Amino acid sequence: MLLMVLSINTRDTWALYSSQAVSSQNSLHGGSIELSVTPDASNSSEEVIMTPGSSFVYRVVVENDGRNTLRYRMRPTGSDEDDLCGDLSLSVQSGDTIFYEGSLLDFSYAAPALEKGNETIWQLLFTLPEDVSFNSSVTCELGCHFEAWQDYSF
């Protein structure tokens, strides 16, 4: 019996920046960057059983809840080449545009600027190639790390 399980964990993620400086007649105010990442309501399950040649789609919503335009980077975490994660391929798409196709573990993408109040829905298509074989059950526990920074920063 060949059993492969892919588990994706998502939870809200955010970063904050705020600053104020006052000197005699000058006042400088900084805003905030707040990035939230949540699973899309259309996702059916956080645990998937895969067989060679199968694939599934997982959607995440990335939203700028802060006051400043921000940029962010996303990359997988918690996986290694010796488990199922090392064999998965990934296609990353938003709308009709495909931003990445390749090995799951090689994925890292810095998104364009995201204006305050805007959101992007990312569609992640995970595929297990048909020529993959295993002698026993294998798993992949996958997370996704998001880093955010203010757009136009140094």
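Definitions and cut-offs
- Residues numbered from 1 in each chain as written.
- Predicted model: local features only at pLDDT ≥ 70, side-chain atom pairs only at ≥ 80, totals over all residues.
- Heavy atoms only, no water.
- Pairing = 2+ DSSP bridges.
- Helix = DSSP H or I, 4+ residues; strand = E, 2+ residues; numbered from the N terminus.
- Axes fitted to C-alpha atoms, helices over the stretch in contact; angles between N-to-C directions.
- pLDDT = per-residue confidence, 0-100.
- Contact = heavy atoms within 4.5 Å.
- Disulfide = S-S within 2.5 Å.
- Buried < 20%, exposed > 50% of the residue type's maximum accessible area, 1.4 Å probe, protein only.
- Polar contact = N/O pair within 3.5 Å; in protein donor to acceptor, adjacent residues only side chain to side chain.

Participant: Tell me what's going on with the sheet that holds strand β6 (residues 55–64), and back it up with residues and numbers.
Facilitator: Ordered by their spatial adjacency, five strands build an open sheet running β4-β6-β11-β8-β9, and the pairing between neighbours is antiparallel. Whereas interior strands pair on both sides, the edge strands pair on one side only; in this sheet they are β4 (35–39) and β9 (97–103). The mean angle between the axes of side-by-side strands here comes to 20 degrees, regardless of whether they run parallel or antiparallel.

Participant: Just give me the short version of the confidence of the model for the protein, but keep the residues and values in it.
Facilitator: Of all residues in the protein, 77% attain a pLDDT of 70 or more, and the chain-wide mean is 80. Scored below 50 in pLDDT, residues 1–7 makes 36 contacts in the model with residues more than four places away or belonging to other chains.

Participant: Any chance you could break down the state of the cysteines for me, citing the residues and the numbers?
Facilitator: Scanning the model with the defined rule gives one disulfide in all. Paired by a disulfide, C85 and C140 hold their sulfur atoms 1.6 Å apart. Between C85 and C140 the sulfur-sulfur dihedral comes to about 90 degrees; the bridge is accordingly right-handed. Here C85, found in the loop between β7 (70–77) and β8 (89–94), pairs with C140, found in strand β12 (residues 138–150); they are 55 residues apart in sequence, far enough to count as distant. The same class applies to C85 and to C140, which are both buried.

Participant: Outline the environment of R71, listing residues and values.
Facilitator: As for its placement among the helices and strands, R71 is situated in strand β7. Judged by its relative accessible area of 27%, R71 is partly exposed. Those residues in contact with R71 that lie beyond four places of it in its chain are A110, A111, P112, A113, E147, A148, W149 and D151. A polar atom in the side chain of R71 sits 3.1 Å from the backbone oxygen of A111.

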